[in-house]
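Descriptive structure summary
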Amino acid sequence: MGRFLDIDLSTGKVGEYDVTDEMLEEYLGSKGLATRILYDTLSKGVDPLGEENVFIVNTGPLVNSGAPCTSRFNVTTKSPLTGGVLSCNCGGNFGMFLKRAGFDGLILRGKASKPTWIHIENGEVELKDAGDLWGLTTEEAQEKLPKGTGKMVIGPAGENKVLYACIISQERAAGRGGAGAVMGSKNIKAITAKGNHKVPKANPEKFKKDIKKWVEILKEHPSTGEMMPEYGTGVFINRCNAANTLPTHNFKRGSFAEADAISGETLAETRLTGNFGCASCVIKCGRRVEVDGKDIKGPEYETLGLLGPNLENKDLGKILEWNYQADLVGVDTVSLGNVLGFAMELNENGLWDNGLEFGKVDNISGVIDDIAHRRGIGDDLADGVKRLSEKYGGKDYAMEVKGMELPAYEPRGAVGHALGYAIANRGGCHIGGGYMVYFEANGPLTMDPLTTRAKPQLTAMLQTMLDALSDSGSCQFTGFTTVPKQAIELNPHGNVYRVVAKSLELMGPMVELILRFPKMLAFVPPLALMQHPRAINDLTGMKMTFGKFLEIGLRTYLIERLFNAREGFTGADDTLPRRSTHQVQEGGTETTVPLNRMIRIYYRVRGLDADGAPKHDTLRRLGMRA
Ligand code: SF4
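In every chain, residue numbers begin from 1 and rise along the written sequence. Where totals are concerned, whole chains, interfaces and linings use all residues; where local detail is concerned, this predicted model gives features only for residues with pLDDT of at least 70, and gives and counts side-chain atom pairs only at 80 or more. Excluded from the side-chain calculations are hydrogens and water; all other atoms, namely the structure's heavy atoms, are used.

**Concerning the overall build of the protein**
If you tally the helices and strands in the protein, you get 26 helices and 17 strands. Only the C-alpha atoms count toward the radius of gyration. The rule for a globule is 2.2 Å times the residue count to the power 0.38. A compact globule built from 626 residues should have a C-alpha radius of gyration of about 25 Å, and the protein, at 22 Å, falls within 12% of that. Seen through its principal axes, the protein has C-alpha atoms that stretch 60 × 55 × 50 Å. A simple rule labels every residue: compare its accessible area, found with a 1.4 Å probe on the protein chains alone, to the largest value its type can have, and call it buried under 20%, exposed over 50%, or partly exposed in between. Expressed as a percentage of its 626 residues, the buried residues of the protein come to 64%. Labels follow the DSSP assignment, with helices taken as runs of H or I lasting at least four residues and strands as runs of E lasting at least two, numbered in each case from the N terminus.

What follows is the structure, given as structure tokens:
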């Protein structure tokens, strides 16, 4: 749309941020572009919950274009949970409506003097009194806001600055790192948008044709056409359990005897009423379930794993209730499951008498409410695992990286994925870490999960592709089609499968070469299985190649690294909890994560110095300024 709002909440002044063509060429949109703006705007050391922090919401070029699975918006800020960079990519409908209102993004500065909601419509902005919305749940607030608008809202947890408060749009969450708390710290309850602007297209006929093909590919692919619509991400429970990557008892173990009771398959058989998708989605991975006669959103894999086995809980009904409740009050279920599991282990070890016990489910609902309102033990729990460990002890089993709690994959069961946790810029994160577990444990084609061979290179490549997908405005699940259908259909017990899986271990040098010189792919046309560069070409006329697309992903990681380095993060922060590197799983794999070996290679592949900061040469090669 070529317009980016700049709103000073302290003065009420509304202007526009100048996004240059050069910035778009380098970062495309969404996460990469927003992080560039964050880096250029903030100075070192600002308080994430203070007026000086900024809050950026933006989109990628494909959003609202008609391309499939592209309703996404991105939230970027300095995280109150980690003190580092934070970007969250969210579905729902706000991204599309922001574009319709005529803007690619917005930056909020300062702080409103009282509870406020922002309405954006056809190029105009209004700051409105949110006195009657403050204190409402995310569902109540969305119901009260005008119909026919795209919405993003916080719940009581964001208002009370819970450090892992999320933002909700329809039923999707910008979950991690406390973006909801930053919104609350600025007294912003909600942002709504509407309008009738359309995304201009450089080559509309070709775009239409290519999009039609893309939709067919997504519908025909076994991952995006069958697995995700049928079972959602919950399908990973049994797969991760079998591979010792299902966190159990605060990540002490990697498998849970009752896993099937909370699996995606059981959910589908016993509780599912249907599936749903974010606006413009053709995959529709979302779950709908019925609880007490009410049709509500069902849980994702992360929530099932962390509110289930991680708490020694096999009661699927309780997970459905807590998941819904967490969304209503606006807390991230990944951090929540970790915080509860860690508090249970502290109690078990006599370090904190808090009433929380593994397998005990009757007091959890009350505790979730206490966290959202910072009441009783909820006040401590609202600060996350790292701060709890600083107060009560248990550092060795505080399952966080850079202050962010780990997602639902036990690191010792998949060492490449574990590397991803250590080097992800926003902290312990499966998406920011590259989601290597898909090629180690829960995907259709998996290599040896315990070998370190090629893991640093493949992790860097997957991160780069996921970052580029984010920058384009697409849902990352569209990336599942990069694994060819033929590979998925191989017999997992056959020789061909074994050879293909083994050959992944030999790909390290080739992948490293591509990441070092992505320009060598400049003349390779957009790959048949990766539709995004082609769609961006048709839409913007940017002459996007797969090589350029990768460069955008590489820059996105590096600009985040630069932000964190300026904030004082060093190589010492690229680490894992001691439980992952020094203790073996109880009753599972007999190895720990050989992190140091992988990190050294990873830094080389990424062009980082010994302290994990981007080298000047690396920045120069990618045309980046520090
Ligand atoms: S695949 Fe799932 S998360 Fe992605 S856009 Fe579709 S419904 Fe939303």
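**Quick look at unusual backbone geometry**
With phi around 60 degrees, Glu-312 is a residue other than glycine that occupies positive phi space. Tracing the backbone through its elements, the reader meets Glu-312 in the loop between α11 (301-307) and α12 (316-329). Residue class for Glu-312 comes out partly exposed when judged on its relative accessible area of 23%. One non-glycine residue, Ala-454, lies in the positive phi region at around 65 degrees.

**Looking at the nonpolar core**
In these notes, a set of buried Ala, Val, Leu, Ile, Met, Phe, Trp, Tyr and Cys residues joined through side-chain atoms within 4.5 Å is what counts as a nonpolar core. Grouped together as the largest cluster of nonpolar side chains are 156 residues, with contacts concentrated most on Ile-37, Phe-236, Val-331, Leu-336, Ile-371 and Leu-381. Leu-9, Ile-118, Ile-120 and Ala-179 belong to the second largest nonpolar core, which has 38 residues in total.

**With respect to the sheet that holds strand β13 (residues 272-276)**
Criterion used throughout: strands pair if DSSP finds at least two bridges between them. Strand order in the open sheet made by the three strands is β13-β14-β15, with antiparallel pairing throughout. The open sheet is flanked by β13 and β15 (294-297), the only strands paired with a single partner. Neighbour to neighbour, the strand axes of the sheet diverge by 30 degrees on average, direction disregarded. The pairing of strand β14 (residues 286-291) with β15 spans four bridges and is classified as antiparallel. For Arg-288, the partnering residue across the bridge sits in β15 and is Lys-297. Between N-to-C directions, angles span 0 to 180 degrees; the directions come from axes that are lines fitted to C-alpha atoms, helices contributing only their stretch in contact.

**Considerations on the pattern of salt bridges**
One speaks of a salt bridge when a side-chain nitrogen belonging to Lys or Arg is within 4 Å of a carboxyl oxygen belonging to Asp or Glu. In the structure shown here, the tally under the stated rule is 38 salt bridges. Residue Arg-109 pairs with Asp-6 through a salt bridge whose shortest N-O separation is 2.8 Å. Of the two residues, Arg-109 is situated in strand β6 (residues 105-109) and Asp-6 in strand β1 (residues 4-8); the sequence distance between them amounts to 103 residues. Of the residues examined, Asp-6 reaches a relative accessible area of 14% and is grouped as buried. Where Glu-505 meets Arg-453, a salt bridge forms, and the shortest distance between an N and an O atom there is 3.9 Å. Of the two residues, Glu-505 is situated in the loop between α20 (495-504) and α21 (508-516) and Arg-453 in the loop between α17 (415-423) and α18 (455-472); the sequence distance between them amounts to 52 residues. Residue classification places Arg-453 among the partly exposed residues on the basis of a relative accessible area of 44%. Through salt bridges with shared partners, one network takes in Arg-36, Asp-40 and Arg-625.

**Some points on the side chain of Glu-512**
You can see Glu-512 is positioned in helix α21. Residue classification places Glu-512 among the buried residues on the basis of a relative accessible area of 16%. We define a polar contact as two N or O atoms separated by no more than 3.5 Å, with the added condition that, inside protein, one atom must be a possible hydrogen donor and the other a possible acceptor, whereas residues neighbouring each other in sequence contribute only through side-chain atom pairs. A distance of 2.8 Å separates a polar atom in the side chain of Glu-512 from a polar atom in the side chain of Arg-604. Only heavy atoms matter for contacts: two residues are in contact if any of them lie within 4.5 Å across the pair. Not counting residues within four places of it along the chain, the set of residues in contact with Glu-512 comprises Gln-457, Arg-604 and Val-605.

**Let's talk about the packing of aromatic side chains**
Here a pair means two rings of Phe, Tyr or Trp (six-membered ring of Trp) with centres within 6.5 Å. Their orientation is stacked below 30 degrees between planes, edge-to-face above 60, and tilted elsewhere. This structure, assessed with the given rule, holds 14 aromatic pairs. Judged by centre distance (6.5 Å) and plane angle (50 degrees), the rings of Phe-236 and Tyr-435 are tilted. With a gap of 199 residues between them, Phe-236 in helix α9 (residues 236-242) and Tyr-435 in the loop between α17 and α18 connect regions that are remote in the sequence. Residue class for Phe-236 comes out buried when judged on its relative accessible area of 1%. Take Tyr-435: its relative accessible area is 12%, and that puts it in the buried class. Centre to centre, the rings of Tyr-438 and Phe-439 are 5.6 Å apart; their planes meet at 90 degrees, and the pair counts as edge-to-face. Given a relative accessible area of 4%, Tyr-438 falls into the buried group. On the basis of relative accessible area, Phe-439 is assigned to the buried category, the value being 18%. A cation over an aromatic ring shows up here: Arg-100 above the ring of Phe-97, its NZ or CZ 4.7 Å from the ring centre. In this scheme, the term charge over a ring applies when either NZ of a lysine or CZ of an arginine sits within 6 Å of the ring centre and within 35 degrees of the ring normal. The positively charged end of Arg-288 is found above the aromatic ring belonging to Phe-276, 5.4 Å away from the centroid.

**A look at the packing of α18 against helix α25 (residues 595-606)**
For the pair α18 and α25, interaxial distance at closest approach is 8 Å and the crossing angle is 50 degrees. One way to sum up the angle between α18 and α25 is to call them oblique. In terms of crossing hand, the pair formed by α18 and α25 is right-handed. Across the interface between the two elements, Lys-455, Pro-456, Gln-457, Thr-459, Ala-460, Gln-463 and Thr-464 from α18 touch Met-598, Ile-601, Tyr-602, Arg-604, Val-605 and Arg-606 from α25. When its residues are assigned to classes, the contact of α18 with α25 shows six nonpolar, four polar and three charged. Put simply, angles under 35 degrees are roughly parallel, angles over 145 are roughly antiparallel, angles from 65 to 115 are roughly perpendicular, and the rest are oblique. Note on convention: the crossing is left-handed when the near helix lies turned anticlockwise from the far helix by less than a right angle, right-handed when the turn is clockwise. Side-chain classes are defined by residue name, with Ala, Val, Leu, Ile, Met, Phe, Trp, Tyr, Cys and Pro counting as nonpolar, Asp, Glu, Lys and Arg as charged, and the others, Gly among them, as polar.

**Observations regarding the environment of Ser-30**
Along the chain, Ser-30 turns up in helix α2 (residues 30-41). Ser-30 gets classed as buried once you look at its relative accessible area, which sits at 2%. Along the backbone, Ser-30 and Thr-59 are 29 residues apart, and their C-alpha atoms lie at a distance of 4.7 Å. Separated by 3.1 Å, the side chain of Ser-30 and the backbone oxygen of Ser-470 make a polar contact.

**Focus: helix α23 (residues 546-566)**
One less than the residue count of a helix, multiplied by 1.5 Å, gives the span that helix is expected to have. Counted at 1.5 Å a residue, the expected span for α23 with its 21 residues is 30 Å, and the 31 Å between its end C-alpha atoms agrees. Along α23, 18 of the 21 residues are buried, which leaves the element largely enclosed by surrounding structure.

**Section: a nonpolar patch on the surface**
Two joining distances apply to patches: 9 Å for like charges and 5 Å for nonpolar side chains (Val, Leu, Ile, Met, Phe, Trp, Tyr), and every residue must have over 30% relative accessible area and no salt bridge. For the accessible areas, the method is Shrake-Rupley and the probe is 1.4 Å, while residue cover comes only from the protein chains on display. A cluster of nonpolar residues, Leu-513, Phe-517 and Met-520, forms a patch on the protein surface that exposes about 280 Å² of accessible area. Here Met-520 falls in the partly exposed class, since its relative accessible area comes to 42%.

**Looking at the sheet that holds strand β4 (residues 73-78)**
Within a sheet, each strand pairs with its neighbour through backbone hydrogen bonds, oriented either parallel or antiparallel. Strand order across the open sheet formed by six strands is β2-β1-β6-β3-β4-β5, with mixed pairing between neighbours. Since the sheet does not close on itself, it has two edges, and those belong to β2 (13-16) and β5 (85-90), each with one partner. Taken over all neighbouring pairs, the strand axes of this sheet differ in orientation by 15 degrees on average, direction set aside. With four bridges connecting them, strand β3 (residues 55-58) and β6 associate as antiparallel partners. Residue Ile-56 lies in a different strand from β6, and its bridge partner there is Ile-107. Of the strands in this sheet, β1, β3, β4, β5 and β6 touch α2, which is tilted by about 25 degrees from β4.

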